[in-house]
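Listed below, chain by chain, are the residues.
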Amino acid sequence: MTEAGSKGSTAARSSRKGRRWNLPPHPAHFVNATPGCGFTSKSGLRSVKEQRSPGRGTGQGPGELMAVFAKIALMFPLMLQGVVVSPRPAAKWDNSKSVRFLALGDWGGLPFKPYTTPVEKNTAHQMGVVAETMGIDFILSLGDNFYYSGVNNVTDHRFQETFEDIFSANSLKDKPWYVVAGNHDHSGNVTAQIKYSKVSKRWNFPHYYYDLNFAIAGSNTTITILMLDTVLLCGNSDDFMGMGPEGPSDHRVANAQLQWVQEKLKTSRSDFLIVAGHYPVWSIAEHGPTKCLVQKLYPLLVQYRVSAYFCGHDHNLQFIRDSDGIGYVLSGAGNFMENSTKHKHHVPEGWLKFFYADISSFGGFVYVEIVPEQMIITYIEAHGKSLYRTTIPRRSSR
């Protein structure tokens, strides 16, 4: 296992690139599409499965949505069938025996003109450069997709002006985004973000929580990513009042998701097992550790030997490795930079390996490449500087 900061290098220099939750088929990804049965892929990656958990969004306000969601979950337990999709590797990397993705949180622009920030624009530009030079298969979007109160409906102009028009590099246009909601998204209409999956060919948000399953081409190496809604698990928070989540608005909905997570972790035999959500489990910054996740999710991560937990929420870049070897990848520098370390004593001594929060910076993100032996994680600043690199071994090697 190696950990090293690579000072002064750049990403470009280092590489020299009924009702259904079905995702809209991308013509480049599918040969045959049969609802409920799955899609046959042309991709170099063998397969990606997305399985939905019980329940559906309703399009109502947050309070009513939770009540209806819980009622449906109790009255009509659903076993929703998986949909098989596959992100297509960059053309240059068709023979690459790896899975590569970007991880970015808290990129949600502004609710007034120009509907973006310099940090978001510069970060988006560099993501395009990295996608072109290093190659990517998809993007993990880690919540707070639209500041400060999400979107109103599926035709909200924010989808175009904060997302489509900003992440517009050719190297990003055909790459799927796998999305979770953050606390600011829950201040708006999350159901509209879910429904936008049927509008945009690259926006994939099938349900509040879901899973992704990948296999590296030409190998037996498998990867699972569990995409969580940590706001449903722990409750919403008020950043402006400095208030963290104080408990879910509906405990039945929260418990249903927690049970789903536990079952997925328990039954997973994947070589790399990743969990992703908006709130951090551990963080030294402004928001700090999320008490609810430390109490409820952290024991499961340890028990089932998870490889890594990806998140945002705090507006900086962090890497934390606990005593069990789990990596905590915080990538929340997509729209603002904030340099508080007020919770540095709330993370066990020695766990913090990397922290970047230069307020003069134009943001940053994480580039991940998974090969059969290990997961390679690189933190990249918005002007291309490679800030830090570390690795996490496959689960059988820990």
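See the structure shown above.
Starting afresh in each chain, residues are numbered from 1 along the sequence in its written order. At least 70 in pLDDT is required for a residue's local features to be given in this predicted model, at least 80 for side-chain atom pairs to be given and counted, and no such filter applies to totals for whole chains, interfaces and linings, which use all residues. Excluded from the side-chain calculation are hydrogens and water; included are all heavy atoms of the structure.

**Q** Mind showing me how you'd approach the overall build of the protein chain here?
**A** Only DSSP runs of H or I reaching four residues or more are called helices, and only runs of E reaching two or more are called strands; each is numbered from the N terminus. Scanning the protein chain for helices and strands turns up ten helices and 19 strands. Expressed as a percentage of the 398 residues in the protein chain, the buried residues total 59%. What sets the accessible areas is the Shrake-Rupley method with a 1.4 Å probe; for residues, cover comes only from the shown protein chains. By element, 52% of the accessible surface of the protein chain is carried by carbon and sulfur atoms, the whole surface being about 15,800 Å². Exposed residues in this analysis have more than 50% of their type's maximum accessible area, buried residues have under 20%, and partly exposed residues fall in between, with area computed by a 1.4 Å probe over protein chains only.

**Q** Looking at this structure, how should I read the state of the cysteines?
**A** Disulfide: a covalent bond formed between the sulfur atoms of two cysteine residues. By convention in this document, the label disulfide applies to cysteine sulfur atom pairs within 2.5 Å. Applying the stated rule across the entire model yields one disulfide. The disulfide partner of C234 is C292, and the S-S distance across this bridge is 2.2 Å. On the sign convention where negative is left-handed, the bridge of C234 and C292, at about -75 degrees about the S-S bond, is left-handed. Pair noted here: C234 is in helix 7 (residues 230-234) and C292 is in helix 9 (residues 291-296), with a separation of 58 residues, a long-range link. When its relative accessible area of 1% is taken as the criterion, C234 is described as buried.

**Q** So what exactly am I meant to see when it comes to the pattern of salt bridges here?
**A** Opposite charge on two side chains permits pairing when their charged atoms draw close. Whenever Lys or Arg places a side-chain nitrogen within 4 Å of a carboxyl oxygen from Asp or Glu, that contact is recorded as a salt bridge. The final tally for this structure, using the stated rule, is seven salt bridges. In this structure, D137 engages R100 in a salt bridge whose closest nitrogen and oxygen atoms are separated by 3.4 Å. Of this pair, D137 sits in the loop between helix 3 (118-133) and strand 7 (138-141) while R100 sits in strand 6 (residues 99-104); the two residues are 37 residues apart in sequence, bridging distant segments of the chain. In this structure, D137 and R100 share a single accessibility class: buried. With its nearest N and O atoms 3.7 Å apart, the salt bridge here joins R252 to D250.

**Q** Sorry, what's going on with the packing of aromatic side chains here?
**A** Where two aromatic rings form a pair, the distance of their centres and the angle of their planes describe that pair. Think of it this way: a Phe, Tyr or Trp ring, Trp meaning its six-membered ring, pairs with another when their centres are within 6.5 Å, and the plane angle makes it stacked under 30 degrees, edge-to-face over 60, tilted otherwise. A full pass over the atoms with the stated rule returns 29 aromatic pairs. Considering the side-chain rings of W107 and F163, the 5.7 Å spacing of their centres and the 40 degrees angle between planes classify their relative orientation as tilted. Taken together, the residues span a long stretch of sequence, with W107 in the loop between strand 6 and helix 3 and F163 in helix 4 (residues 158-164) at a distance of 56 residues. A relative accessible area of 0% places W107 in the buried class. For the pair F138 and Y178, a centre-to-centre distance of 5.5 Å together with 70 degrees between the ring planes defines the contact as edge-to-face.

**Q** So what exactly am I meant to see when it comes to the nonpolar core here?
**A** Note on soluble globular proteins: their nonpolar side chains tend to be buried together. Among buried residues, those of type Ala, Val, Leu, Ile, Met, Phe, Trp, Tyr and Cys that are joined through side-chain atoms within 4.5 Å constitute a nonpolar core. One finds L140, F167, I225, F310 and Y379 to be the most contacted residues of the largest nonpolar core, which totals 100 residues. A contact between two residues is defined here by any heavy atoms of the two lying within 4.5 Å. Residue contacts for F167: discarding those within four places in its chain leaves L104, W107, E120, A124, M127, T162, L172, W177 and R202.

**Q** Can you help me understand helix 3 in this one?
**A** Given 3.6 residues to a turn, an α-helix orients residues that are three or four positions apart in the same direction. Taking 1.5 Å of rise per residue, 16 residues should cover 22 Å, and helix 3 covers 23 Å from first to last C-alpha, within 8% of that figure. Within the span of helix 3, buried status applies to V119, E120, T123, A124, Q126, M127, G128, V130 and A131. A positive backbone phi angle near 85 degrees is found at G135, which sits one or two residues after helix 3. One fewer than the residue count of a helix, multiplied by 1.5 Å, yields its expected span.

**Q** What should I look at first to understand the pairing of strand 15 (residues 327-331) in this one?
**A** Side-chain positions along a regular strand alternate between the two faces of the sheet. When you tally the buried positions in strand 15, you get five out of five residues, the bulk of the element. Along strand 15, one buried face is formed by G327, V329 and S331 and the opposite face, lined by Y328 and L330, is buried too. Strands pair, by our definition, only if DSSP identifies at least two bridges between them. Strand direction decides the pairing type here: strand 13 (residues 308-311) and strand 15, joined by four bridges, are parallel. The residue of strand 15 that forms the bridge with F310 is V329. Pairing of strand 14 (residues 317-321) with strand 15, which is carried by five bridges, proceeds in the antiparallel orientation. Bridge pairing in strand 15 links Q318 to L330.

**Q** Teacher, can you tell me more about the pairing of strand 17 (residues 364-370) here?
**A** Buried residues dominate strand 17, accounting for seven of its seven residues. Residues G364, V366, V368 and I370 of strand 17 are buried on one face, and the alternating residues F365, Y367 and E369, pointing to the opposite face, are buried as well. The pairing of strand 6 with strand 17 spans five bridges and is classified as antiparallel. When the sheet's bridge partners are listed, L102 is paired in strand 17 with Y367. As paired strands, strand 17 and strand 18 (residues 374-381) are joined by seven bridges and run antiparallel to one another. Counted as the bridge partner of Y367 is T378 from strand 18. Connecting strand 17 to the next strand, strand 18, in antiparallel fashion are three residues.

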